[in-house]
Amino acid sequence: MALHKPYADIPGTVIFDADQSRRGYWLNQFCMSLMKPENRQRYLADRRAYLDEWPMTEEQKQAVLDGDLNRCIQLGGNIYFLAKLGATHGKSFQQMAGSMTGMTEEEYRAMMLRGGRSIEGNRHLGEDGDAQPHRQPQGHGSGRLL
């Protein structure tokens, strides 16, 4: 029996729930493997070969190869695990977050210092009489890591 997920109506947001955790298990395990220097070296030497050692979906592997953090999250990745991938590529968490929101690192930092993103238009898809569930959230970037 599928659970009701009222949080699925938040624009541009993927909630890391039990379903996402199951979906991204191997993607997140791959990311955790990058905590070991020898694994980072192997991954950077031949990214595809290292990814092929993990039972991830082809779509997950391609998202990693593309450095597409937003897609990795859609496919079950957890940002705290994906931070290991970012660090492997020399990116800070702030740089990663900025890329995922379509901002530079400096713009992202300034937004957070101002209190974060405005809630206007970001509460749920049906707010303000907008019944278009396909509406694109404002400010979302490519999420490209590389």
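- As annotated in an unreviewed UniProt entry, the protein chain is Protocatechuate 4,5-dioxygenase alpha chain from Tepidimonas aquatica.

Here we look at the confidence of the model for the protein chain
Here's step 1: Averaged over all residues, the pLDDT of the protein chain equals 84, while 81% of them reach at least 70.
Here's step 2: This stretch, residues 129-139, has a pLDDT under 50; its non-local contacts, to residues over four places away or in other chains, come to 14 contacts.

Regarding the side chain of Thr 101
Here's step 1: By the element assignment, Thr 101 lies in helix 8 (residues 93-101).
Here's step 2: Within the structure, the side chain of Thr 101 is placed 3.1 Å from the backbone oxygen of Ala 97, a separation counted as a polar contact.
Here's step 3: In terms of polar contacts, Thr 101 uses its side chain to reach the backbone carbonyl oxygen of Gly 98, at 3.1 Å.

Remarks on the environment of Leu 51
Here's step 1: With respect to the element layout, Leu 51 can be found in helix 4 (residues 47-51).
Here's step 2: Overall, Leu 51 belongs to the buried group, its relative accessible area being 0%.
Here's step 3: Distance from Leu 51 to Lys 61, taken between C-alpha atoms, is 6.4 Å for residues 10 residues apart in sequence.
Here's step 4: With near-sequence residues (within four places) excluded, Leu 51 lies in contact with Phe 30, Tyr 43, Met 56, Lys 61, Val 64 and Leu 65.

What counts and what doesn't
Residues numbered from 1 in each chain as written. Predicted model: local features only at pLDDT ≥ 70, side-chain atom pairs only at ≥ 80, totals over all residues. Heavy atoms only, no water. pLDDT = per-residue confidence, 0-100. Contact = heavy atoms within 4.5 Å. Helix = DSSP H or I, 4+ residues; strand = E, 2+ residues; numbered from the N terminus. Polar contact = N/O pair within 3.5 Å; in protein donor to acceptor, adjacent residues only side chain to side chain. Buried < 20%, exposed > 50% of the residue type's maximum accessible area, 1.4 Å probe, protein only.

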